[in-house]
Amino acid sequence: AQLVEKVRDGRLDFAVLRSDAIPRGSSSEPITEVGFVLCVPKAMDRPKLSVPDLLRGLPLALPVPGGSFREVLHDYFNAHDIPWKAQVESSSFLQALALVKGGEFAAVLPTTGAAQLPEGEFRPRKIPELKKQSRKLVLHWNERQMETRGIERAAITSVRDAVRAG
């Protein structure tokens, strides 16, 4: 809400937000969709196992109590009779990403985090039940501010493309 307000009053020219966070009819361009995948060090992956069966035997970095994603993940574990046994509890996705990069733990991470793992050393495993947790990210701006500042549509498109490229 703070970023939307800052864009609205001109303190920010652009903001990257979830699509559901901006008021209907506001100016925005889609950037990407962020979902969630189980990130498994290659040595720990068992491709023939289902994700629930794999989760039962992995050393896991799981979210600390209190977050909404933890509740969603906990519900998934319960629905599949997977014991909630964290070898490590992480307070953020960045911390979980660092733990997975170390090669000793697996974790459910946003796809943006999974993309930062060294290619070939880790295997992302899809969890179809978490698809509804995916979020669309958009570049948001105030059209009136762009007109006032003489920022043309091509410049907005360039900013969007730069953000997409990471």
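Before any of the text, the structure's been laid out above.
Residues numbered from 1 in each chain as written. Predicted model: local features only at pLDDT ≥ 70, side-chain atom pairs only at ≥ 80, totals over all residues. Heavy atoms only, no water.

### Quick notes on the overall build of the protein chain
If you tally the helices and strands in the protein chain, you get seven helices and eight strands. Dimensions of the protein chain, computed from the C-alpha atoms along their principal axes, are close to 60 × 30 × 25 Å. Within the protein chain, the proportion of its 166 residues that are buried is 37%. Contacts spanning at least 24 positions in sequence make up 71% of the contacts within the protein chain whose residues lie at least 6 apart. A total of about 9,700 Å² of accessible surface is found on the protein chain, and carbon and sulfur atoms cover 52% of it. (Helix = DSSP H or I, 4+ residues; strand = E, 2+ residues; numbered from the N terminus. Buried < 20%, exposed > 50% of the residue type's maximum accessible area, 1.4 Å probe, protein only. Contact = heavy atoms within 4.5 Å. Areas by Shrake-Rupley, 256 points an atom, 1.4 Å probe, with all protein chains shown as cover.)

### Points about the packing of aromatic side chains
Applying the stated criterion across every chain yields a total of five aromatic pairs. Between the aromatic rings of Phe36 and Phe93, the centroid separation amounts to 5.8 Å while the plane-to-plane angle is 40°, which identifies the pairing as tilted. Pair noted here: Phe36 is in strand 3 (residues 36-41) and Phe93 is in helix 4 (residues 93-101), with a separation of 57 residues, a long-range link. (Phe/Tyr/Trp six-rings, centres within 6.5 Å; stacked < 30°, edge-to-face > 60°.)

### A few points about the pattern of salt bridges
Tallied over the full model, the rule gives 13 salt bridges. Note that Arg18 is salt-bridged to Asp20, the shortest N-O span being 3.0 Å. Of the charged contacts, one joins Glu33 and Lys131 as a salt bridge, the two residues approaching to 3.3 Å between their closest N and O atoms. With Glu33 in strand 2 (residues 27-34) and Lys131 in the loop between strand 7 (122-126) and strand 8 (135-141), this residue pair connects regions lying 98 residues apart in the sequence. The network of salt bridges with common partners includes Glu29, Arg153, Arg160 and Asp161. (Salt bridge = Lys/Arg side-chain N within 4 Å of Asp/Glu carboxyl O.)

### Considering the sheet that holds strand 7
If you walk across this open sheet you meet the three strands as 6-3-7, and the pairing is antiparallel. Single-partner strands in this sheet number two, and they are strand 6 (107-110) and strand 7. The mean inter-strand angle of the sheet, taken between neighbouring strand axes irrespective of direction, is 40°. Note: strand 3 against strand 6, four bridges, orientation antiparallel. By the bridge assignment, Cys39 is partnered in strand 6 with Ala107. (Pairing = 2+ DSSP bridges. Axes fitted to C-alpha atoms, helices over the stretch in contact; angles between N-to-C directions.)

None of the figures reported here should be taken as evidence of function without further support.
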